[in-house]
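A structural walkthrough
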Amino acid sequence: MTPELIPFLAVSIFIVAIMYASVGHGGASGYLAVMALFSLAPESLKPTALLLNIVVAGVGSYLYISARQFSWKVFWPFVITSIPASFIGGTLHLPPEYYRPLLGLVLFYAAWRLFARKGRPDDFEPNAPSTPLAMLVGGMLGFASGLIGVGGGIFLSPLMILLGWARVREVSGIAALFILVNSISGLLGHLSSLQHVPDYAPLLAGVALLGGSIGALCGSRHLPVRVILQAMAGMLVMAGGKMFLI
């Protein structure tokens, strides 16, 4: 990529960070798509996306927890198995054609279910999953996040909402911290890839931090729940499309 395009890439990262942080996500799937469109070297995509994910999910976790949109009781069973599974997934390098189409279809289905929801989005009593079930789901999503190079929240959020495991804003807070720990674990699984991170990564991290702060503030305190659900569904469509295109 030529130096003249770096400002345009930075603006794109900023926009993606706002959008994804507003629903508690780190934005890795969006960063991967944007960086691919700007023709970054393939070997730099995954580590750079994880670094940006860590920045945005970190500030998002802080803002959602400080806004009391979080539940440690629901969170810990997912993360206790996802961390080692994400590390293992990060060490593997499977051909993407083996898993990306299936994951894309799953994301499209989840988006359709969120769009089709009727009634008041938060008019229910949450029913948290059993600890064994949450640990099993956490392990599966952690492995997928390490393998693909995303934080796992793109799968966890719609699952929790559709199954009624937590309220929408609370799901965003849980997803943010889930993404943070899994992104760190996944990156540790292939530290050698950091040598491929571009020199201008600090600039991208800075704009991602700013965008993530704006998005997380809006999502945790101001945006209506219905808007959050629609935004999440739209991001699932984009993430699902990326699975087929990149």
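Residues numbered from 1 in each chain as written. Predicted model: local features only at pLDDT ≥ 70, side-chain atom pairs only at ≥ 80, totals over all residues. Heavy atoms only, no water.

Here we take up the layout of surface pockets. The calculated volume of the second largest pocket comes to roughly 260 Å³. Forming the boundary of the second largest pocket are 14 residues, of which Val106, Ala110, Phe155, Pro158 and Leu159 lie nearest the centre. Elements with a contribution of two residues or more to the lining of the second largest pocket: α5 (100-115), α6 (131-148) and α7 (153-162). Of all the elements, α5 adds the most residues to the lining of the second largest pocket, at six residues. For the lining of the second largest pocket, the class distribution of residues is 13 nonpolar, no polar and one charged. (1 Å grid on protein atoms, 1.4 Å probe; cavity = no way out; pocket = protein on both sides within 12 Å on 5 of 7 lines; lining within 4 Å. Points joined across faces, edges and corners; volume = space filled by probe spheres on them. Helix = DSSP H or I, 4+ residues; strand = E, 2+ residues; numbered from the N terminus. Nonpolar A, V, L, I, M, F, W, Y, C, P; charged D, E, K, R; others polar.)

A separate point is the packing of aromatic side chains. This model, assessed by the stated rule, comprises five aromatic pairs. Between phenylalanine 70 and tryptophan 72, the aromatic rings sit 4.8 Å apart at their centres with planes inclined by 80°, giving edge-to-face as the arrangement. When its relative accessible area of 54% is taken as the criterion, tryptophan 72 is described as exposed. Arranged with centres 6.0 Å apart and planes meeting at 40°, the rings of tyrosine 109 and tryptophan 112 form a pair that is tilted. You can see tyrosine 109 and its partner tryptophan 112 sitting in helix α5, three residues apart, about one turn around the helix. Among the aromatic residues, those joined into a cluster by ring pairs are Phe70, Trp72 and Phe75. (Phe/Tyr/Trp six-rings, centres within 6.5 Å; stacked < 30°, edge-to-face > 60°. Buried < 20%, exposed > 50% of the residue type's maximum accessible area, 1.4 Å probe, protein only.)

A cluster of nonpolar side chains, namely Leu51, Phe87, Ile88, Leu92, Leu94, Tyr98, Phe143, Ile184, Leu188, Leu191 and Leu194, defines an oily patch on the protein surface of about 960 Å² accessible area. For the nonpolar patch, the secondary-structure elements that each account for two or more residues are α4 (72-91) and α8 (168-188). With respect to the secondary-structure elements, phenylalanine 87 resides in helix α4. (Patch = residues over 30% accessible without salt bridge, like charges linked within 9 Å, V, L, I, M, F, W, Y side chains within 5 Å. Areas by Shrake-Rupley, 256 points an atom, 1.4 Å probe, with all protein chains shown as cover. Salt bridge = Lys/Arg side-chain N within 4 Å of Asp/Glu carboxyl O.)

To continue, consider the environment of serine 86. Among the secondary structure elements, serine 86 is positioned in helix α4. Residue classification places serine 86 among the buried residues on the basis of a relative accessible area of 0%. Ignoring anything within four residues of it in the chain, the contact list for serine 86 reads Gly142, Phe143, Ser145, Gly146, Asn182, Ser185 and Gly186. (Contact = heavy atoms within 4.5 Å.)

Here we come to the environment of glutamine 69. Topologically, glutamine 69 is positioned in the loop between α3 (42-66) and α4. Sequence spacing of glutamine 69 and valine 171 is 102 residues, and the spatial spacing of their C-alpha atoms is 7.8 Å. Those residues in contact with glutamine 69, other than ones at most four positions away along the chain, are Tyr64, Arg169, Glu170, Gly173, Ile174 and Ser220.

Let us now look at the packing of helix α2 (residues 28-37) against α3. Where α2 contacts α3, the axes come no closer than 9 Å and their chain directions differ by 140°. Judged by the inter-axis angle, α2 sits oblique to α3. Once α2 is placed against α3, the crossing between them reads as right-handed. Judged by residue contacts, Ala28, Tyr31, Leu32, Met35 and Ala36 of α2 engage Leu45, Lys46, Thr48, Ala49, Leu52, Asn53 and Val56 from α3. Its residues assigned to classes, the contact of α2 with α3 shows nine nonpolar, two polar and one charged. (Axes fitted to C-alpha atoms, helices over the stretch in contact; angles between N-to-C directions. Parallel < 35°, antiparallel > 145°, perpendicular 65-115°, else oblique. Left-handed = near helix turned anticlockwise from the far one by under 90°.)

Core analysis: the largest hydrophobic core is formed by 72 residues, its most contacted members being Leu9, Ile13, Tyr31, Phe78, Met160 and Ile174. Per-element tally for this core: the top contributor is α3, with 10 residues. Not counting chain neighbours up to four residues away, the residues in contact with isoleucine 174 comprise Gln69, Phe70, Ser71, Val74, Phe75, Leu156, Met160 and Ala166. (Core = buried A, V, L, I, M, F, W, Y, C linked by side-chain atoms within 4.5 Å.)

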